[in-house]
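Structural characterization, general
Given next are the chains, with one letter for each unit.
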Amino acid sequence: MNALPAMPPAEDETLSQAEAAYRQLRDKLIMLDIRPGEPINDGQLAVELGFGRTPVREAIKRLEVDHLVVSYPRRGTFATTVDFTELADVSEIRELLEPLAARRAAKRANTAMREELLDVAKAISELAPSPAQSRDLMRYDLTVHRLIYRAAANPHLEDTLIRYDNLATRIWCLVLDKVPSVSGHISEHVDLLKAVAEGDADKAGELALHHVTSFEETIRKVL
């Protein structure tokens, strides 16, 4: 099968260098392109990403707040390890907030956003992915969640959920090789996206909760 089609951007494209560096580094850490425990070299990353060292350093400071990197005096900065014991804590928060975001999005999304959600649902429903593309599928997962958070029209809720979804995705990516199929997890998004786009807040909330709980159940089975 050919490469999966590109998903629409889930976040605005007009960014400062510091913001762009932050988002690129954040997603490298989430998708484990930068492995847990790996040292973070700001000079090397600046060259790799095409930014100056100052925006990269600013990005790294923000990533510490996100618990994606950690700095030690006289030792340097490293990607945080993935702590599976945090799964229950992360899931507890997401089980409360993901349904809230889905319900709000169903009620508040504008026409353009509803059309975008339906376009993404259609793209996912037409996928015929192979096991080798599991990591690409997880990028779809990130995109879908971020679209719904943005549609919820509450920036504080959006920021909080992005942070916890990032931590959950890191856990998922670390066990991808042990999970029988990621495609089923991603295909769950089709009905969720349609419920949000069609304004069915109750159904959207129920599906969002099921998605989070099934994620935790799947992870626990392979740990």
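This text follows the structure it describes.
Read on for an overview of the structure. (Residues numbered from 1 in each chain as written. Predicted model: local features only at pLDDT ≥ 70, side-chain atom pairs only at ≥ 80, totals over all residues. Heavy atoms only, no water.)

In this structure, Glu19 sits in helix H1 (residues 17-30). Of the residues examined, Glu19 reaches a relative accessible area of 19% and is grouped as buried. At 2.8 Å, the side chain of Glu19 forms a polar contact with the side chain of Arg23. (Helix = DSSP H or I, 4+ residues; strand = E, 2+ residues; numbered from the N terminus. Buried < 20%, exposed > 50% of the residue type's maximum accessible area, 1.4 Å probe, protein only. Polar contact = N/O pair within 3.5 Å; in protein donor to acceptor, adjacent residues only side chain to side chain.)

This next bit is on the pairing of strand E1 (residues 69-72). Here E1 pairs with strand E2 (residues 76-79) via four bridges, running antiparallel. Its bridge partner lying in E2, Val70 is registered against Phe78. Where E1 hands over to E2, the hairpin turn is made up of three residues, of which Arg74 adopts a positive phi near 65°. (Pairing = 2+ DSSP bridges.)

It is worth spelling out empty space enclosed by the protein at this point. Scanning the model with the defined rule gives two cavities of 30 Å³ or more in all. The space that makes up the largest cavity amounts to roughly 60 Å³. Looking at the largest cavity, the residues that line it are Arg94, Met138, Asp141, His145, Asp165, Ala168, Thr169, Trp172, His185, His211 and Phe215. Among the secondary structure elements, those contributing two or more residues to the lining of the largest cavity are helix H6 (134-151), helix H7 (155-174) and helix H9 (201-222). (1 Å grid on protein atoms, 1.4 Å probe; cavity = no way out; pocket = protein on both sides within 12 Å on 5 of 7 lines; lining within 4 Å. Points joined across faces, edges and corners; volume = space filled by probe spheres on them.)

Right, let's talk about H7 for a bit. Here H7 contains 20 residues, and its C-alpha end-to-end distance of 29 Å stays within 8% of the 28 Å for a straight helix at 1.5 Å per residue. For H7, the N-terminal capping position is held by Asn154, with its side-chain oxygen 3.1 Å away from the main-chain nitrogen of His156. (Expected span 1.5 Å × (residues − 1).)

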